[in-house]
Amino acid sequence: MRLRSDQKTVIIQKLQDYYYQEHEKELGIIGAENLYDFFMKNCAPLIYNLAIKDTQGVILQQFESIQEEIEVLKKR
């Protein structure tokens, strides 16, 4: 999973801000990029797959609703 360069920059800055707020220490750009890479490699796929699963559920509900509406429209 790849983000645009500007999106990556924003996330790295947020990681640095968070680290400073929590530990009152600076997190350098290399450390923040390493942390970003770790999350993108290990966490992003899990989050992505959960989002896909949620999307599948919504689509199935909508499909069932459409099927019900079609049944109502059928002439008897």
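Relevant structure appears above.
Residues numbered from 1 in each chain as written. Predicted model: local features only at pLDDT ≥ 70, side-chain atom pairs only at ≥ 80, totals over all residues. Heavy atoms only, no water.

Peer 1: Got a sec to walk through unusual backbone geometry? Specific residues and values, please.
Peer 2: Phi is positive for Glu-24, close to 55 degrees, though the residue is something other than glycine. Summarising the element assignment, Glu-24 is placed in the loop between helix H1 (5-23) and helix H2 (29-42). Here Glu-24 falls in the exposed class, since its relative accessible area comes to 67%. (Helix = DSSP H or I, 4+ residues; strand = E, 2+ residues; numbered from the N terminus. Buried < 20%, exposed > 50% of the residue type's maximum accessible area, 1.4 Å probe, protein only.)

Peer 1: A description of the packing of H1 against H2 should follow, citing residues and the corresponding values.
Peer 2: Orientation of H1 relative to H2, taken along the N-to-C sense of each, is 110 degrees, at an axis distance of 9 Å. The angle between the axes of H1 and H2 places the two elements in the roughly perpendicular class. Judged by the sense of rotation from one axis to the other, the crossing of H1 with H2 is right-handed. Residues Lys-8, Ile-11, Ile-12, Leu-15 and Gln-16 of H1 lie in contact with H2, whose contacting residues are Ile-29, Ala-32, Glu-33, Leu-35, Tyr-36 and Asp-37. For the contact of H1 with H2, the class distribution of residues is seven nonpolar, one polar and three charged. (Axes fitted to C-alpha atoms, helices over the stretch in contact; angles between N-to-C directions. Parallel < 35°, antiparallel > 145°, perpendicular 65-115°, else oblique. Left-handed = near helix turned anticlockwise from the far one by under 90°. Contact = heavy atoms within 4.5 Å. Nonpolar A, V, L, I, M, F, W, Y, C, P; charged D, E, K, R; others polar.)

Peer 1: Can you break down the packing of H2 against helix H3 (residues 44-73) residue by residue, with the values?
Peer 2: Helix packing for two helices is described by the angle between their axes and how far apart those axes are. Where H2 meets H3, the axes come as close as 4 Å, and the angle between the chain directions of the two elements is 40 degrees. As far as their axial angle goes, H3 and H2 are oblique. Taking contact as the criterion, the partners of Phe-39, Met-40, Lys-41 and Asn-42 in H2 are, on H3, Ala-44, Pro-45 and Leu-46. Of the residues in the contact of H2 with H3, the class split is five nonpolar, one polar and one charged.

Peer 1: Give a detailed account of the packing of aromatic side chains, specifying residues and quantitative values.
Peer 2: Taken as a whole and judged by the stated rule, the model has one aromatic pair. Taking 5.7 Å as the distance between ring centres and 75 degrees as the angle between the ring planes, the aromatic pair formed by Phe-38 and Phe-39 counts as edge-to-face. On the basis of relative accessible area, Phe-38 is assigned to the partly exposed category, the value being 46%. Overall, Phe-39 belongs to the partly exposed group, its relative accessible area being 36%. (Phe/Tyr/Trp six-rings, centres within 6.5 Å; stacked < 30°, edge-to-face > 60°.)

Peer 1: Before we move on, could you go through a nonpolar patch on the surface and cite the residues and values that matter?
Peer 2: A contiguous nonpolar patch, built from Met-1, Tyr-48 and Ile-52 and spanning about 330 Å² of accessible area, is present on the exposed surface. Its place among the elements puts Tyr-48 in helix H3. (Patch = residues over 30% accessible without salt bridge, like charges linked within 9 Å, V, L, I, M, F, W, Y side chains within 5 Å. Areas by Shrake-Rupley, 256 points an atom, 1.4 Å probe, with all protein chains shown as cover. Salt bridge = Lys/Arg side-chain N within 4 Å of Asp/Glu carboxyl O.)

Everything listed here is a matter of geometry and, on its own, says nothing about what the molecule does.
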